[in-house]
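The residues making up each chain are set out below.
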Amino acid sequence: MNAQTAITEGHADTPKGNYLTNGSTLASWLLTKDHKRIAIMYLISVSVFFMMGGLYAATIRLELLTPASDLVETATYNKVFTQHGILMIFFFLIPSIPAILGNFLLPLMIGAKDLALPRINLISLYIYWLGGGLTLFALMQGGVDTGWTFYTPYSTTFSNSFVMFVGLGIFINGFSSILTGLNFIVTIHTMRAPGMTWFRMPLFVWAHYATSLVMILGTPVVAITVLLLAIERATHVGIFDPSIGGDPILFQHMFWFYSHPAVYIMILPGMGVISELISNFSRKKVFGYEFIAFSSIAIAVFGFLVWGHHMFVSGQSIYAGMVFSFLTMVVAVPSAIKMFNWTATLYKGSISFDTPMLYALGFMGLFLIGGLTGLFLGAIGLTVHLTDTYFVVAHFHYVMVGGQVIAYLGGIHYWWPKMTGRMYSEFWGKISAMLVFVGFNLTFFPQFILGYQGMPRRYAAYPEELQVLNIFSTAGASVLGIGLIMPAIYLTHSLIFGKKAGDNPWMHPGLEWRTSSPPPTENFDVMPVVTWEAYEFGEESGLDLEGAKRRDAASIA
Amino acid sequence: MSDNNSEHLHMNIPKYIGIFMILVVGTIATYFAATVDMDRFFPGANTLVALLIAFTKMTFVMLFFMHVYWSKRLIWLAAVGSFFWLAIMFAYTMQDYLTRGSGTFSG
């Protein structure tokens, strides 16, 4: 099939079966090997965890509305912020874009019928459910209070909370991540359609390739670390506890060897989404394709060399601190390459401010602030003042929420018509995007100031003179919360009442837009043959813009 | 080198047992090496010897039990890459341990 016929067939008048209508029983979903159905089940599961993590976040902000610890007891507060972190990081941020958007789109984008290992894909979902279920069980039994980082010796020796259960849940969940990464790498290597060369792949796929490398290389280390923690806690073998011959800083080395690269597991797929959005909504070939592609790989590699910047005040050697500080500055380079290339892509582009693009532009501003404040924390001298303050909290929320969550929302809005075949309300989409942007900044920007003024993180009480900024932050969290609830409502509403989307509502050239919406179970009726470059908006890509406009006009009439 | 499904033909059972015996010997050697004070030669010598034995054992496992020896170059690349990543973790952790006492913020 050439490019033109691919598009033409995508607009066939006769209704075709799709992955959503291919079986309606519970078994047809639970036993499916279709990557798209698995992605939808991930979407529902991850959304549940996101909502629960959000409730913990709301509790934190409400507690911090007043200087006194008056909403929850201090011990409960320890559990609330710990569980917020665990649910958000391990069960939302890490799986969200790869397991939902990656699962759904990666085969479509490279012209494959499915992932290379569909059964493994389903198993990874079951493992996610098992790990998540075990963690939720532990939280309901009493929860855990160690902080999401499980620092020793508190977690091994002193904490009386459900450390083992939660640790086991995270340990199990790690295998889901490893299997997903493995599946992506095998798929990208072996399942690309004819003509889909490495340098014709969408940057979303490159980003997922880099992410998968980090998943496979890093996740086993945190699994082993949590296992060692459990062994020490159960058998009192001296691994991390100094009183029995261990070293607590060894835990931090092992934990951050994974958990810093995990930041890139979270943000790299988001960067992949943003590359798609910026290019497509500027209707312009992305500037410096190869640089963006290889910067993803560079981030994945350099991301493994900087973990010690989380440990500047832990007692690690000054020499090690200097090395890690220098390398932290280096890892900023590939991130900056992306930012500059996205900006250059916008230049003289035909920009349309649809909802996904609003999120993409929001990402660029927020990630920029998040990234630049990371340099403050990577500077070995300045970080002594800022460590464990709200400056750190603000920084990583600017990267994680301002970066990953915003990208995730942008991606969900962008590919929602493809996933469901329905359009959502553009009006409410834009309102929501703006509320999220305003609410987010109102929540977290004051925290930079609070942190710089010395407000420590992880305390339920604080001095009265810091209350005004905390009120701003809590007010912002309310706006942010509304902005985040709105998509859940109008996207659900669109499933029934939304206008039919058509196969390529944005008129974009990617392969995923050259099949029906929603796609058939086998993704493409005929194996596509790729003859055009990535992000090619000209006629040579087979995009029949005039024909599409005529069809749209005819359908409206 | 081949990439078919006949890996079981690469080695017979006695050779597998031979590799296993090498691993057992390595484990015993690790134990006895730990009982000898080699740190008198230079600090960290005991750790170095233990690591050398462990890496040797790991290499045997990767090459023969995991069939890397008979695999395609891409598999070699993945194996060597994983090994390199492990080396990164060890090296950068060790740079902390080996220099922990030297220098302070206060000078």
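The rules behind these values
- Residues numbered from 1 in each chain as written.
- Chains lettered and ligands numbered in written order.
- Predicted model: local features only at pLDDT ≥ 70, side-chain atom pairs only at ≥ 80, totals over all residues.
- Helix = DSSP H or I, 4+ residues; strand = E, 2+ residues; numbered from the N terminus.
- Buried ≥ 20, exposed ≤ 12 C-beta atoms within 10 Å, placed from the backbone.
- Contact = placed C-beta atoms within 7 Å.
- Rg over C-alpha atoms; globule rule 2.2 N^0.38 Å.
- Axes fitted to C-alpha atoms, helices over the stretch in contact; angles between N-to-C directions.
- Parallel < 35°, antiparallel > 145°, perpendicular 65-115°, else oblique.
- Left-handed = near helix turned anticlockwise from the far one by under 90°.
- Nonpolar A, V, L, I, M, F, W, Y, C, P; charged D, E, K, R; others polar.
- Core = buried A, V, L, I, M, F, W, Y, C linked by C-beta atoms within 7 Å.
- pLDDT = per-residue confidence, 0-100.
- Expected span 1.5 Å × (residues − 1).

Chemist: Outline the overall build of chain B, supporting the account with residue identities and numerical values.
Modeler: Helices and strands together make up the secondary structure of chain B, namely 3 helices and 0 strands. For chain B, the sequential pattern of α-helices and β-strands runs α-α-α. In chain B, which comprises 107 residues, the share counted as buried stands at 4%. Expressed as a percentage of contacts within chain B between residues at least 6 apart in sequence, the contacts between residues at least 24 apart total 54%.

Chemist: So what's going on with the overall build of chain A? Which residues, and what values?
Modeler: Along the backbone of chain A there are 17 helices and 0 strands. Taking 557 residues into account, the globule formula puts the C-alpha radius of gyration at 24 Å, and chain A, at 23 Å, falls close to it. Expressed as lengths along the three principal axes of its C-alpha atoms, the size of chain A is roughly 70 × 45 × 45 Å. Expressed as a percentage of the 557 residues in chain A, the buried residues total 55%. If you take every contact in chain A between residues at least 6 apart in sequence, the share linking residues at least 24 apart comes to 85%.

Chemist: Talk me through the packing of helix α10 (residues 289-302) of chain A against helix α11 (residues 318-346) of chain A; I want residue IDs and the actual numbers.
Modeler: Residues and elements named next belong to chain A. Running from N to C, α10 and α11 cross one another at 160 degrees; their axes reach a closest spacing of 9 Å. Taken together, the axis directions place α10 and α11 in an arrangement best described as roughly antiparallel. Crossing angle aside, the handedness with which α10 passes α11 is left-handed. Residues F291, I292, S295, A298, I299 and F302 of α10 pack against L327, V330, V331, P334, S335, I337, K338 and N341 of α11. Of the residues that constitute the contact of α10 with α11, the class distribution is 10 nonpolar, 3 polar and 1 charged.

Chemist: I'd like to hear about the nonpolar core, residue by residue, with values.
Modeler: Residue and element names in this part refer to chain A. By size, the foremost hydrophobic cluster in this structure holds 156 residues, and its most contacted members are I110, V205, A210, L268, I274 and A360. The biggest single contributor to this core is helix α4 (residues 74-110), with 22 residues. Apart from the residues within four sequence positions on either side, V205 is in contact with L106, M109, I110 and I188.

Chemist: Can you tell me about the confidence of the model for chain B, naming the residues and giving the values?
Modeler: Residue and element names in this part refer to chain B. Looking at chain B, pLDDT values average 85 and 87% of them are 70 or higher. Within chain B, helix α3 (residues 73-99) has the poorest average pLDDT of any element, 89, and helix α1 (residues 13-35) the best, 94. Counting interchain partners and residues more than four positions distant, the pLDDT-below-50 stretch residues 1-7 has 8 contacts. Scoring of the predicted complex yields 0.90 for pTM and 0.81 for ipTM.

Chemist: Give me the lowdown on unusual backbone geometry, citing residues and values where you can.
Modeler: Residues and elements named next belong to chain A. Note the cis peptide between T152 and P153, where omega equals 5 degrees. As for its position among the elements, P153 is in the loop between α5 (118-141) and α6 (154-158). Cis geometry marks the peptide bond from S517 to P518; its omega dihedral reads -10 degrees. Assignment of secondary structure puts P518 in the loop between α16 (467-497) and α17 (545-556). Non-glycine residue D388 carries a positive phi angle of around 60 degrees. With respect to the helices, strands and loops of the structure, D388 is situated in the loop between α13 (382-386) and α14 (390-420). Judged by local crowding, D388 falls into the partly exposed class, with 13 C-beta atoms found within 10 Å. Phi at Y535 takes a positive value of approximately 60 degrees, unusual for a residue other than glycine. Positionally, Y535 belongs in the loop between α16 and α17. Among the residues examined, Y535 registers 25 C-beta atoms within 10 Å and is labelled buried.

Chemist: Which residues make up the confidence of the model for chain A, and what values do they have?
Modeler: Per-residue pLDDT for chain A averages 92, and the proportion of residues at 70 or more is 94%. Segment residues 1-14 of chain A is flagged for pLDDT under 50; beyond a separation of four residues in sequence, or across chains, it makes 28 contacts in the model.

Chemist: I'd like a rundown of the environment of S259 of chain A, residues and numbers included.
Modeler: Considering the arrangement of structural elements, one finds S259 of chain A in helix α9 (residues 248-281). Considered as a pair, S259 of chain A and T149 of chain A are 110 residues apart in the sequence and their alpha carbons are 8.7 Å apart.

Chemist: Any details on α16 of chain A? Residues and values, ideally.
Modeler: Residue and element names in this part refer to chain A. Taking 1.5 Å of rise per residue, 31 residues should cover 45 Å, and α16 covers 45 Å from first to last C-alpha, within 8% of that figure. Along α16, the residues that are buried comprise N470, S473, T474, G476, A477, L480, G483, L484, P487, L491 and S494. Along its buried surface, α16 packs onto α3 (35-63), α14 and α15 (426-452).

Chemist: Requested: an account of the environment of L86 of chain B, with residues and values cited.
Modeler: Its location among the elements puts L86 of chain B in helix α3. For the pair L86 of chain B and V36 of chain B, spaced 50 residues apart in sequence, the C-alpha to C-alpha distance is 27 Å.

Chemist: Can you explain the environment of W428 of chain A? Please cite residues and give values.
Modeler: Residues and elements named next belong to chain A. With respect to the helices and strands, the residue W428 is situated in helix α15. Here the alpha-carbon distance between W428 and L491, two residues 63 residues apart in the chain, equals 9.7 Å. Beyond its immediate sequence surroundings of up to four residues, W428 is in contact with M486 and Y490.

Chemist: Lay out the packing of α14 of chain A against α15 of chain A in plain terms, naming residues and giving numbers.
Modeler: Residue and element names in this part refer to chain A. Where α14 contacts α15, the two axes come as close as 8 Å, and the packing angle between them is 170 degrees. Judged by the angle between their axes, α14 and α15 are roughly antiparallel. As for the relative orientation of α14 and α15, their crossing is left-handed in sense. Within the contact between the two elements, α14 uses Y390, F391, V392, V393, A394, H397, Y398, V401, G402, L409 and H413 and α15 uses G429, V436, F440, F444, Q447, F448, L450, G451 and Y452. Here the residues of the contact of α14 with α15 are counted per class, giving 14 nonpolar, 6 polar and no charged.

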